[in-house]
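# An overview of the molecular structure
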Amino acid sequence: MNELPRVSGISPQIGERAVLVDLDIGPPREPDEHEEFVLLARAAGADIVGQLGGTRPKPDPRYFIGPGKAAELQALVAATGAELAILNHPISPAQERNLERLVQCRVLDRAGLILDIFAQRARSFEGKLQVELAQLRHLSTRLVRGWTHLERQKGGIGLRGPGETQLETDRRLLAARVAVLERRLARIERQRAQGRRARTKAELPLIALVGYTNAGKSTLFNRLTQAGVFEADQLFATLDPTVRYLELPGGRPALLADTVGFISRLPPELIAAFRATLEETRNATLLLHVIDAAAANRARQIADVETVLAELGSCQPRIEVFNQIDRIDGALPRLERDPEGRPARVWISARMGAGVDLLLAALAESIRGERLLESFRLDAAEGRVRAWLYRHARVIEDRPLPEGGWELRCEIGRVERERLRAVRS
């Protein structure tokens, strides 16, 4: 039976000797971005034996890093006995092949490195499906690398085949596998949608934790819910989403969701594959944006998270949670409000528990203020809108109108109120 080939550059092995290549292409990047690349390589299990830096005004079409740096990389690989060269850049399949031929070792780009970390960390059935789908989408542009030793199938008596090259066969098999994964994930998403509808009917608000990887989301999640999910001081320590019950001050019940962490230049394949998981951020009543208060460049990390949220279409109200204040001299827990008096930022230490009471109070206040009592007059042609209100709001009264249509009195969240405008347009 035909199987998809294992393309050698898609995944490093634990303990593999690796050389890191991290150039400034165009404007120089912040020092913490270079440090983050080293942490990514270590998170994948690479044994770093050398690093190569430098600057270029723009990528080289043949080697990406330029012929001079490519020659330096060749010498460094030979001197260190490296088995893998990892670039902190997205490179084309052609550039990857050209570098491999020159340096005589495997070459992996940033997207492939992050995909490998996700493959190691995924634990749930859904998470494994999502990672495999992302890897196959990344692999689809690199299939030729696994079969460069084969030529077109040859004809002749007893040797005539279907007329496909091995590459065409691989692409067909890959497309079939991608279709299977997409169908399975679609079923899981339908199950998630049913769960969201059940939460809406139960009037349970959903609070979603989002933030840059290693900002302390899982630590905060465990502090608030005693869930016991895995937490560690490493990038992408947890991937699988977890939802737990949370009782807010005043006895108001809610649900708290822990989501996958974000990172700068997250591979598009990964965002696409994890879209079903990240849908929780779009359907949440409130977002808690967890920020590492002690990060060297927290402004960039905040901007990176907001960029991904914008790509996902998340427009919910949010509270910024500046975590890890125990690593800042003299920092104290505090609650900051916006000009309208609503909770906007909370400074806490999830690890020490400092400021968590302020956060819970801010959550209770924000959730209370997110429900509105409104009346809607719908004509007879707006049955779809009426059904939408039953799914996304609490209908208190539904009265038929003499001229046809309905008048509904509902308790509805601010976010759902904004979405209703799109539904009616």
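Everything below is about the structure shown above.
So, how was this worked out
- Residues numbered from 1 in each chain as written.
- Predicted model: local features only at pLDDT ≥ 70, side-chain atom pairs only at ≥ 80, totals over all residues.
- Heavy atoms only, no water.
- Helix = DSSP H or I, 4+ residues; strand = E, 2+ residues; numbered from the N terminus.
- Buried < 20%, exposed > 50% of the residue type's maximum accessible area, 1.4 Å probe, protein only.
- Contact = heavy atoms within 4.5 Å.
- Areas by Shrake-Rupley, 256 points an atom, 1.4 Å probe, with all protein chains shown as cover.
- Pairing = 2+ DSSP bridges.
- Axes fitted to C-alpha atoms, helices over the stretch in contact; angles between N-to-C directions.
- Salt bridge = Lys/Arg side-chain N within 4 Å of Asp/Glu carboxyl O.
- Core = buried A, V, L, I, M, F, W, Y, C linked by side-chain atoms within 4.5 Å.

## Description of the overall build of the chain
The helix and strand tally for the chain stands at 13 helices and 16 strands. When each of the 425 residues of the chain is scored for burial, the buried share is 50%. Of all intrachain contacts in the chain linking residues separated by at least 6 positions in sequence, the fraction that spans at least 24 positions is 70%. Summing over all exposed atoms, the chain offers an accessible surface of approximately 20000 Å²; the carbon and sulfur share of this is 51%.

## Here's the deal with unusual backbone geometry
Note: most residues except glycine have negative phi, and most peptide bonds are trans. Despite not being glycine, phenylalanine 64 has its phi angle at roughly 70°, a positive value. For phenylalanine 64, a relative accessible area of 7% puts it in the buried group. Phi at glutamine 104 takes a positive value of approximately 60°, unusual for a residue other than glycine. Looking at the element boundaries, glutamine 104 is found in the loop between helix H3 (93-103) and strand E6 (106-108).

## Brief notes about the sheet that holds strand E12 (residues 334-337)
In spatial order, the strands read E8-E9-E7-E10-E11-E13-E12; together these 7 strands make up an open sheet with mixed pairing. Unpaired on one side and paired on the other, strand E8 (242-247) and E12 mark the two borders of the sheet. Averaged over all adjacent pairs, the angle separating strand axes in this sheet is 25°, with direction ignored. Of the pairings in the sheet, the one linking strand E7 (residues 206-211) to strand E10 (residues 286-292) comprises 5 bridges and is parallel in character. What sits directly across from isoleucine 207, in E10, is leucine 286. Along the sheet, helix H7 (residues 217-225) contacts E7, E8, strand E9 (253-258), E10 and strand E11 (318-323); its crossing angle with E9, the most-contacted strand, is approximately 155°.

## Here we look at the sheet that holds strand E5 (residues 84-87)
Taken in spatial order, the 4 strands line up as E3-E1-E5-E6 in an open sheet, and their pairing is parallel. With one partner strand each, in any of the chains shown, strand E3 (47-52) and E6 form the two edges of the open sheet. Taken pair by pair, the neighbouring strands of this sheet meet at an average axis angle of 25°, ignoring direction. Examined bridge by bridge, strand E1 (residues 17-21) and E3 share 5 bridges and lie parallel to one another. Directly across from valine 19, in E3, lies its bridge partner glycine 50. Sheet strands touched by helix H2 (residues 67-80): E1, E3 and E5. Its angle to E3, the strand with the most contacts, is close to 150°.

## Topic: the pattern of salt bridges
Under the counting rule described, the total for this entry stands at 23 salt bridges. Residue aspartate 304 pairs with arginine 300 through a salt bridge whose shortest N-O separation is 3.1 Å. Placement of the pair is aspartate 304 and arginine 300 together in helix H10 (residues 298-312), with a separation of 4 residues, close to one helical turn. With a shortest N-O distance of 2.7 Å, arginine 345 and glutamate 336 are connected by a salt bridge. A single salt-bridge network, built from bridges that share partners, covers Arg377, Arg399, Glu403 and Glu407.

## Brief notes about the nonpolar core
Ile86 and Leu113 are the most contacted members of the largest nonpolar core, which totals 35 residues. Every element with two or more residues in this core is listed here: E1, helix H1 (31-43), E5, helix H4 (110-121), E7, E9 and H10. Ranked by the residues each element gives to this core, the list is headed by H1, at 5 residues. Contacts of isoleucine 86, omitting those with residues within four sequence positions, involve Ala18, Val19, Leu20, Val21, Phe37, Ala41, Ala46, Leu108 and Leu113. Residues Leu220, Leu248, Leu256 and Ile367 belong to the second largest nonpolar core, which totals 24 residues.

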